[in-house]
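Coordinate inspection notes
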Amino acid sequence: MKKLIPILSIILAMAAASCNSRSAQSAPPEHQEVNSVYYWKTVLQLDSAELAFMANHDVRRIYLRMFDVTADDGEWKAIPNATIRIPASTQKILNSGLDTMEIVPVVYITLDALRQMADDEGELARNITERVANMCQFHKLPNVSELQLDCDWTPSTEKLFFTLCDSIRSSFSELNLPWRLSSTVRLHQLAKKAPPVDAGVLMVYNTGSFDSPETKNSIIDREDIMPYLKKLPDYPLHLDIAYPTYSWQLVFSAGKFAGIAADLDLDDRSLFEPRSENIFIARTDVPYNRTIIHRGDIIRREISDFNEIEAVKREIEQRLSSRKHSNIIYHLDPKNLKNYSSDEIKSIFASGR
């Protein structure tokens, strides 16, 4: 019982804060600029750390990854994959203490799936919309007024994605869903025609080539980002901005990208030899999950450095000028968020709004 008391107090504090701020706002929820986070795991597990973070930083919108759409060689062509699971304990929190939290369902669509569904975008749109609507209803997700599509469309798949967006909006009408449609926007897409959606979220992460041994930091690097920002002031969509707070370890074997690791003890000098601030060499074969990191393999440790985030953020805020927007953290993970002070998190969330 002792463990439940602090969690309950956090929930009640969040509910009170959200109610008070919401009553003072006249704009509809879909147009509000609020502190937001992505949640990008396969199980929605909100424990005391996540709840405390959201309460302390007045987070009032969660972009919740619902499932991926991947290609299928069989009859269905495209199928849902890695669907999120929401335990009863989390559902209870969402339906009580967090009932004023806005939830934005997000669906990630692979390019292979998009190509597989060429000429059948209407069917894909209905399947996505119906599945998301049913999941929201089943889990009683609160305050859903938007669906977001996450797809790294390219010039060759632009028409397919844009047709899917139009079809999704039509499916909203068919199902009588008063939702708006948004999409993620990669930096390289700023120079392209905007998709037919109501708003976008600019992803200011994964900005470099993570599979290149020469890249310094593929998560966020001001030098990689700056060339794209000249198109930002004139981009026709409303844009919110997502900044990274995650880290990872990239493994290269024989000069080629071999995979992503997360919890290697790179400070263990018996296993890894440092070559620079973020480059390490395996001294011996190191078992990792179901594979082996071989002697001589290179590991590049990458973090979302706060100073780098702030430098990029200043450039973006300057170009957005008076355009109101929300700043979003990717993603809600206490293991990584503990690397930032409270003031640093507040600084990331702060905008000209």
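Here, the structure is the one placed above.
First, a word on scope: everything that follows refers to the structure included in this document.

Thoughts on the nonpolar core
The biggest cluster of nonpolar side chains holds 92 residues, and the ones touching the most others in it are Leu 64 and Leu 147. What Leu 147 contacts, discounting residues up to four positions off in sequence, is Pro 105, Val 107, Ile 128, Val 132, Ile 168, Phe 172, Trp 179, Arg 180, Leu 181 and Ser 182. Ranked by size, the runner-up nonpolar core spans eleven residues in total, among them Leu 266, Val 286, Ile 293 and Ile 299.

A short note on helix 8 (residues 306–320)
Given a rise of 1.5 Å per residue, 15 residues ought to cover 21 Å, and the 20 Å separating the end C-alpha atoms of helix 8 matches this to within 8%. Residues Phe 306, Ile 309, Glu 310, Ala 311, Val 312, Lys 313, Glu 315, Ile 316, Glu 317 and Leu 320 constitute the buried set of helix 8. Buried residues belonging to helix 8 abut helix 7 (222–225), strand 8 (238–244), strand 16 (327–330) and helix 10 (342–349). The opening residue of helix 8 is Asp 305, an N-cap whose side-chain oxygen sits 3.1 Å from the backbone nitrogen of Asn 307. Count one or two residues on from helix 8 and you reach Ser 321, which has phi positive near 55°.

As for the environment of Ala 82
Inspection of the secondary structure assignment puts Ala 82 in the loop between strand 3 (78–81) and helix 3 (88–94). The exposure class of Ala 82 is partly exposed, given its relative accessible area of 30%. Setting aside its immediate chain neighbours within four residues, Ala 82 contacts Thr 42, Arg 65, Met 66, Phe 67 and Asp 68.

Focus: the pattern of salt bridges
Under the defined criterion, the tally for this structure stands at 15 salt bridges. Lys 41 is the salt-bridge partner of Asp 333, the closest N and O atoms lying 3.9 Å from each other. You can see Asp 333 sitting in the loop between strand 16 and helix 9 (334–337) and its partner Lys 41 sitting in the loop between strand 1 (35–39) and helix 2 (48–56), a full 292 residues away along the chain. A relative accessible area of 15% means that Asp 333 is categorised as buried. According to the relative accessible area criterion, Lys 41 is partly exposed, its value standing at 27%.

Side note on the packing of helix 8 against helix 10
As a packed pair, helix 8 and helix 10 sit with axes 10 Å apart at the nearest point and diverge in direction by 25°. Put simply, helix 8 runs roughly parallel to helix 10. When you trace helix 8 past helix 10, the crossing you get is left-handed. On helix 10, the residues that touch Phe 306, Ile 309, Glu 310 and Lys 313 of helix 8 are Glu 344, Ser 347 and Ile 348.

Observations concerning the packing of aromatic side chains
One pass over the structure, following the stated rule, counts 16 aromatic pairs. For the ring pair Phe 252 and Phe 257, a centre distance of 5.8 Å and an interplane angle of 65° mean the geometry is edge-to-face. On the basis of relative accessibility, which here comes to 2%, the residue Phe 252 falls in the buried class. The aromatic ring of Phe 67 is capped on one face by Arg 131, whose charged end is 4.9 Å from the ring centroid.

Considerations on the sheet that holds strand 11 (residues 272–274)
Pairing is antiparallel across the open sheet formed by five strands, whose spatial order is 10-9-15-12-11. What marks the edges here is a single partner per strand, and that holds for strand 10 (256–261) and strand 11. Across the sheet, the axes of successive neighbouring strands diverge by a mean angle of 30°, strand direction being ignored. Summarising the sheet, strand 12 (residues 279–282) and strand 15 (residues 298–303) pair through three bridges and their orientation is antiparallel. Across the sheet, Ile 281 pairs through a bridge with Ile 298, a residue of strand 15.

The rules behind these values
Residues numbered from 1 in each chain as written. Predicted model: local features only at pLDDT ≥ 70, side-chain atom pairs only at ≥ 80, totals over all residues. Heavy atoms only, no water. Core = buried A, V, L, I, M, F, W, Y, C linked by side-chain atoms within 4.5 Å. Buried < 20%, exposed > 50% of the residue type's maximum accessible area, 1.4 Å probe, protein only. Contact = heavy atoms within 4.5 Å. Helix = DSSP H or I, 4+ residues; strand = E, 2+ residues; numbered from the N terminus. Expected span 1.5 Å × (residues − 1). Polar contact = N/O pair within 3.5 Å; in protein donor to acceptor, adjacent residues only side chain to side chain. Salt bridge = Lys/Arg side-chain N within 4 Å of Asp/Glu carboxyl O. Axes fitted to C-alpha atoms, helices over the stretch in contact; angles between N-to-C directions. Parallel < 35°, antiparallel > 145°, perpendicular 65-115°, else oblique. Left-handed = near helix turned anticlockwise from the far one by under 90°. Phe/Tyr/Trp six-rings, centres within 6.5 Å; stacked < 30°, edge-to-face > 60°. Lys NZ or Arg CZ within 6 Å of the ring centre and 35° of its normal. Pairing = 2+ DSSP bridges.

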